[in-house]
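Breakdown of the fold
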Protein chains: 2
Amino acid sequence: MTADVSTQTAQKPLRADAQRNYDNLIEAAREAFRERGAEASLDDIAKRAGVGPGTLYRHFPTRDALIDAMMRDWAERIDADSQAVVDSGLPAREALQIWFTRFVDNIGLYHGAAAKVMSAMDDPKSPIYRKCQVLAAANEKVVAKAREDGALRDGVDAREVMRIVSGVSTVIDQSGLTPAQAEPMLAIVLDGILLPD
Amino acid sequence: MTADVSTQTAQKPLRADAQRNYDNLIEAAREAFRERGAEASLDDIAKRAGVGPGTLYRHFPTRDALIDAMMRDWAERIDADSQAVVDSGLPAREALQIWFTRFVDNIGLYHGAAAKVMSAMDDPKSPIYRKCQVLAAANEKVVAKAREDGALRDGVDAREVMRIVSGVSTVIDQSGLTPAQAEPMLAIVLDGILLPD
DNA sequence: GAACTATACGGAGATAGTCTCCGTTTAGCA
DNA sequence: TGCTAAACGGAGACTATCTCCGTATAGTTC
């Protein structure tokens, strides 16, 4: 009766052992990435999951494919967060402020993820590209709302807003700062896109 | 009579062959990083320079040490650029705009450098840390000038400005955009730190 | 210009990570 | 119980990092 969210999505169903290994691999990857960052050894992840490297590479041909799978629920959370903000009816500044903060929090969940997301942003070949599109759509939604409210400066483009907030996320991630320390930078972005007064 | 800028700085002088190899290594590194980005193989750089890997590692114990040496003139250029902007007597917005653009250009000279600079920013152990301090000082100078001109919003901190512009640089570098494409993001930063009107 | 020595060289090889190939195992089915 | 498509796993090829130490030589001294 409980929904098995962490399970591989639809497609042709996997054999029971394959599904088990798939799930174990993702779990092991979560651990490894949390401990060691995005450069964690893939063979080591296989070992943690109790499978051979061959099995890992069959399921996930590249590091990015694994990261992509690991972030399956991530995209859903992003989407939910953006919707919540839009539905909140808060004034533009507060709404955007919350959205940006959530953006940085979410993207900072996995060390090194911010950089991955950024390079995937303009690269349709990357497995993470889809996730970026979800992120872009969510961001677009929130920005559009602010625009409807007449709160945005002329010429502010949602795509650029997304880029710069990703940049802030990367700074946080790479300099080893806490997500809370993004606040002053996000304040600059807010002032930069909102109309004065 | 010509100043040998590219030569190792003072310290105990190197033996002639050592100095030659040192210079060749840096030149080879420039080429390799330009072609292959910051992940270029170090052994390959040694090969290009016509020396063994041992020689490379004796001169530059880590990848960062090599990058640091490669960027020797970089810090000087940064400093010169900031001084030129301060001396130009341009209004704050134009001055900052030029400075930010130069910042992104300079930091984008070597693929992958933006990320390196960012992780070194808060890490005194990194060889690149000093360069970051030069960069920070240069930035501080330009921002301080704008503040004297009464052009800045309250609470704008030079350190945060530097961080966010580094973030923009990283976006450009990692997404494979051209430095010119930083302009919309820099516009946001400008509006975010300057007083309205 | 020969001899000496501190300085520097270079490359073989230890270590470690990525990724593949293919012989072996097993889940699911009849 | 037997069959077969699906999946496993680990040996090993490949590549990159980094070290160790026997060899070579720049610079000096007489």
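Calculation rules
Each chain has its residues counted from 1, following the order in which its sequence is written. To read the labels, note that chains go from A and ligands from 1, taken in the order they are written. Reporting in this predicted model follows two pLDDT cut-offs: at least 70 for local features of residues, and 80 or more for side-chain atom pairs to be given and counted; totals over whole chains, interfaces and linings ignore these cut-offs and use all residues. With hydrogens and water excluded, all non-hydrogen atoms of the structure serve as input to the side-chain values. How far each domain reaches was decided by an automatic or database domain assignment. Contacts were defined at the residue level, with two residues in contact if any of their heavy atoms lie within 4.5 Å. Here the quantity called buried area is the accessible surface, traced with a 1.4 Å probe, that two parts lose on coming together, added over both. Note on definitions: salt bridges are taken to be side-chain nitrogens of Lys or Arg within 4 Å of carboxyl oxygens of Asp or Glu. In protein, a polar contact requires one atom able to donate a hydrogen and another able to accept it; more generally it is a pair of N or O atoms within 3.5 Å, and residues adjacent in sequence count only if both atoms are side-chain atoms. Under the DSSP-based scheme used, a helix requires at least four consecutive residues in state H or I and a strand at least two consecutive residues in state E, with every element numbered from the N terminus. In this classification, Asp, Glu, Lys and Arg are treated as charged, Ala, Val, Leu, Ile, Met, Phe, Trp, Tyr, Cys and Pro as nonpolar, and every other residue, Gly included, as polar. The criterion for a residue being near a molecule or strand is simple. One of its heavy atoms has to lie within 4 Å of it.

1. Some words on the domain arrangement of chain A
Residues and elements named next belong to chain A. The assigned domain composition of chain A is domain 1 (16–70) and domain 2 (72–193). Each of domain 1 and domain 2 was reduced to a C-alpha centroid, and the two centroids are 27 Å apart. The partner domain 2 presents 10 residues to the 12 residues of domain 1 that form the contact. Approximately 1000 Å² of surface area, both sides summed, lies buried where domain 1 meets domain 2, with 52% of it carried by carbon and sulfur atoms. One can count three salt bridges joining domain 1 with domain 2. Here Arg 30 and Asp 73 are joined by a salt bridge, their closest N and O atoms 3.4 Å apart. Seen at the junction of domain 1 and domain 2, the total is nine residue pairs in polar contact (both at pLDDT 80 or more). Among the elements of the structure, α1 (16–36) and α4 (63–70) are those that each provide at least two residues to the side of domain 1 that touches domain 2. By residue number, the principal contributor to the side of domain 1 that touches domain 2 is α4, which donates seven residues. For the side of domain 1 that touches domain 2, the class distribution of residues is six nonpolar, two polar and four charged.

2. Section: the protein's contact with DNA strand C
Around DNA strand C, 22 residues are found, and the nearest of them are Asp43(A), Arg63(A), Arg15(B), Asn21(B) and Arg58(B). In the model, a phosphate oxygen of DNA strand C is placed 3.4 Å from a nitrogen or oxygen of the Ser41(A) side chain. Leu42(A) is positioned such that a nitrogen or oxygen atom in its backbone is 2.8 Å from a phosphate oxygen of DNA strand C. Elements with a minimum of two residues in the surface near DNA strand C: α1, α2 (42–49) and α3 (53–59) of chain A together with α1 (16–36) and α3 (53–59) of chain B. The dominant element in the surface near DNA strand C, judged by the number of residues it contributes, is α3(B), at five residues. Of the residues assigned to the surface near DNA strand C, the class counts are eight nonpolar, seven polar and seven charged.

3. Quick word on the pattern of salt bridges
Residues and elements named next belong to chain A. For the structure on display, the rule yields 36 salt bridges over all chains. Two residues, Asp 81 and Arg 102, come together in a salt bridge whose shortest N-O distance is 4.0 Å. In this pair, Asp 81 sits in helix α5 (residues 72–87) while Arg 102 sits in helix α6 (residues 92–107), placing the two residues 21 residues apart along the sequence. Overlapping salt bridges bring together Glu 31, Glu 35, Arg 36, Asp 44 and Arg 48 as one network.

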